[in-house]
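Next come the chains, spelled out residue by residue.
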Amino acid sequence: MRICDVPGCGRKHLALGLCANHYQAKRRAELGPPPVPGLWSGQVARILGVSLRTVQRMIEAGDLLAERSPGGNFRIDPASVEAHITTDAQLARYRLEVA
Ligand SMILES: [Zn+2]
């Protein structure tokens, strides 16, 4: 049985001389970090019908859960947006943006 080329690994070979673990690690390193999931500030402003400034304030106040993407923009947790939906129109826009 062929085994992983990484010294001391000893796991079964999967592809390119590597085991499943090392192959996946190599692929991840090549692809870079995955994009941070979530909604952009502009999408959240559209969904809730508020200004970008208001979205910013909601993030600062902790009313929306957000983290900065590698590009420096906020990605906002959809569940925390959903918690602020009070009208059918907002819900319809949310479904469009999240779909
Ligand atoms: Zn390995």
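In this text, all values refer to a predicted model and were calculated from it rather than measured experimentally.

What follows concerns unusual backbone geometry. In most cases, non-glycine residues show a negative phi, while peptide bonds are predominantly trans. Here L16, not a glycine, exhibits a phi torsion of approximately 55°, which is positive. Residue classification places L16 among the exposed positions, given that 10 C-beta atoms sit within 10 Å.

Turning next to the domain arrangement of the protein. Here the domain parsing of the protein yields domain 1 (1–32) and domain 2 (39–98). Just the C-alpha atoms count here: the centres of domain 1 and domain 2 sit 40 Å apart.

In terms of nonpolar packing, the biggest core is built from eleven residues, these being L39, V44, I47, L48, V55, M58, L64, A66, I76, V81 and Y94. If you list the elements that add at least two residues to this core, you get α2 (41–48) and α3 (52–60). Among the elements that line this core, the one with the most residues is α2, at three residues. Those residues in contact with V81, other than ones at most four positions away along the chain, are L39, V44, I47, L64, I76 and Y94.

One can describe the packing of α2 onto helix α5 (residues 88–98) by two numbers: an axis separation of 7 Å at closest approach and a directional angle of 150°. When the interaxial angle is binned, α2 and α5 end up roughly antiparallel. Every residue of α5 that contacts α2 at Q43, R46, I47 and L48 is listed here: Q90, R93, Y94 and E97.

Let us look at the sheet that holds strand β3 (residues 74–76). Pairing is antiparallel across the open sheet formed by three strands, whose spatial order is β1-β3-β2. Both outer strands of the open sheet, β1 (39–40) and β2 (66–68), are each paired with one neighbouring strand and no more. In terms of strand pairing, β2 meets β3 through three bridges, oriented antiparallel. Following the sheet pairing, R68 is matched in β3 by F74.

The rules we used
All chains use their own residue numbering, which begins from 1 and follows the written sequence. Side-chain atom pairs in this predicted model are given and counted only at pLDDT of 80 or more, local residue features only at pLDDT of at least 70, and totals for whole chains, interfaces and linings cover all residues. We call a residue exposed when 12 or fewer other C-beta atoms sit within 10 Å of its C-beta, buried when the count reaches 20 or more, and partly exposed for counts in between; the C-beta positions come from the backbone. All domain edges in this entry derive from an automatic or database-based domain assignment. Nonpolar core, as used here: buried Ala, Val, Leu, Ile, Met, Phe, Trp, Tyr and Cys residues forming one set through C-beta atoms within 7 Å. Where helices and strands are cited, they refer to DSSP runs of H or I of at least four residues and of E of at least two residues respectively, numbered from the N terminus. By the convention adopted here, residues make contact when the C-beta atoms placed from their backbones lie within 7 Å. Simply put, an axis is a line fit to the C-alpha atoms, just over the touching stretch for a helix, and the angle between two N-to-C directions goes from 0 to 180 degrees. Put simply, angles under 35 degrees are roughly parallel, angles over 145 are roughly antiparallel, angles from 65 to 115 are roughly perpendicular, and the rest are oblique. At least two DSSP bridges between two strands are required for those strands to pair.

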